[in-house]
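Close look at the chain arrangement
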Amino acid sequence: RSRRQRQMCIRDRRKSEIFSTAADNQTSVEIHVLQGERELVSECRSLARFELRGIPPMAAGAARIRVTFQVDADGLLSVTAREQTSGREARIEVKPSYGLSDDEVAGMLRDSFSHAGDDAFRRALREAQVEAQRLVEAVQSALKEDGDLLSVLERGHIEAGIARLQAVGMGDDRRAIDQAMDALNNGTNEFAARRMNKSVAKALAG
């Protein structure tokens, strides 16, 4: 099961955002609710976690999960996650200001300004690392399913591209990660076209 963590700054009384799944046939997601103005989850205050289950199995990224944050007049935060196709829903309530003084809240805001540049860099790097891992997993899954569409030489080139991306994928050189992702994407274009043709032929035969 793949888990995805995101943070959202609440400036209005109600805010929604659409999320999705990260793996094929994923039937649950964990929602992590955080408080803070920093870009990274690790620099924010964890408020609560809850799980939405019963998501219909489908391809990664196909599910549409609307997460809604709503704050009432007493400062109570309600977080609802709803899968749009099935209507499955889960929710939790927390009080974000619990245990925080006004000075601590002000300090959180000051930290967000003083670390803005560094936080933006770290967030961009982390997003590249996550995207690299997802690309590796997607190509490996495609090879497992339709590797017979490739010659031994073609498969070797793709596997070499995977190895290069894995070698830099968790490093701190974002440019190297981007270059390795571009190379792997370009190196699998023909493979993707063959897979598409196979799917079309199968659909027409059916």
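Quick caveat, the model's predicted, so the values are computed rather than measured. (Residues numbered from 1 in each chain as written. Predicted model: local features only at pLDDT ≥ 70, side-chain atom pairs only at ≥ 80, totals over all residues. Heavy atoms only, no water.)

**A short note on the overall build of the protein chain**
Secondary structure summary: the protein chain contains 5 helices and 6 strands in total. Put simply, of all contacts in the protein chain between residues at least 6 apart along the chain, 62% involve residues at least 24 apart. (Helix = DSSP H or I, 4+ residues; strand = E, 2+ residues; numbered from the N terminus. Contact = heavy atoms within 4.5 Å.)

**Points about the confidence of the model for the protein chain**
Here the protein chain averages 85 in pLDDT, while 86% of its residues score no lower than 70. Segment residues 1-11: pLDDT under 50, and 35 contacts once partners within four positions in sequence are set aside and those in other chains are kept. (pLDDT = per-residue confidence, 0-100.)

**Remarks on helix H4 (residues 174-187)**
Between its first and last C-alpha, H4 extends 20 Å over 14 residues, near the 20 Å set by a 1.5 Å rise per residue. If you check which residues of H4 are buried, you get Ala 176, Ile 177, Ala 180, Met 181 and Leu 184. Along H4, the residues classed as buried sweep out an arc of 135° about the axis, all on the same side. Exposed and oriented more than 90 degrees from the buried face of H4 are Arg 175 and Asn 186. (Expected span 1.5 Å × (residues − 1). Buried < 20%, exposed > 50% of the residue type's maximum accessible area, 1.4 Å probe, protein only. Arc of directions from axis to C-beta.)

**Some words on the packing of aromatic side chains**
Enumeration over the complete set of coordinates arrives at 0 aromatic pairs. A cation sits over an aromatic face here: Arg 195 above Phe 191, 5.9 Å from the ring centre. (Phe/Tyr/Trp six-rings, centres within 6.5 Å; stacked < 30°, edge-to-face > 60°. Lys NZ or Arg CZ within 6 Å of the ring centre and 35° of its normal.)

**Observations regarding a nonpolar patch on the surface**
On the surface, Met 196, Val 200 and Leu 204 cluster together into a nonpolar patch covering about 340 Å² of accessible area. Structurally, Val 200 is set in helix H5 (residues 189-205). (Patch = residues over 30% accessible without salt bridge, like charges linked within 9 Å, V, L, I, M, F, W, Y side chains within 5 Å. Areas by Shrake-Rupley, 256 points an atom, 1.4 Å probe, with all protein chains shown as cover. Salt bridge = Lys/Arg side-chain N within 4 Å of Asp/Glu carboxyl O.)

**Description of the nonpolar core**
Residues Ile 31, Val 67 and Val 79 are the most contacted members of the largest nonpolar core, which totals 19 residues. At the level of elements, strand E2 (28-35), strand E3 (45-53), strand E4 (65-71), strand E5 (77-83) and strand E6 (89-94) are the ones that each hand at least two residues to this core. Ranked by residues supplied to this core, first place goes to E4 with 4 residues. When near neighbours in sequence (up to four residues on either side) are disregarded, Val 67 contacts Lys 15, Ser 16, Glu 17, Phe 19, Ile 31, Val 79, Thr 80 and Ala 81. Among the nonpolar cores identified, the runner-up in size contains 17 residues, and Val 136, Ala 142, Ala 180 and Leu 184 belong to it. (Core = buried A, V, L, I, M, F, W, Y, C linked by side-chain atoms within 4.5 Å.)

**Remarks on the pairing of E2**
By the criterion of burial, E2 is predominantly enclosed, with 8 of the 8 residues buried. Both faces of E2 are covered, namely the face carrying Ser 28, Glu 30, His 32 and Leu 34 and the face carrying Val 29, Ile 31, Val 33 and Gln 35. Pairing between E2 and E3: 8 bridges, direction antiparallel. Counted as the bridge partner of Val 29 is Leu 52 from E3. (Pairing = 2+ DSSP bridges.)

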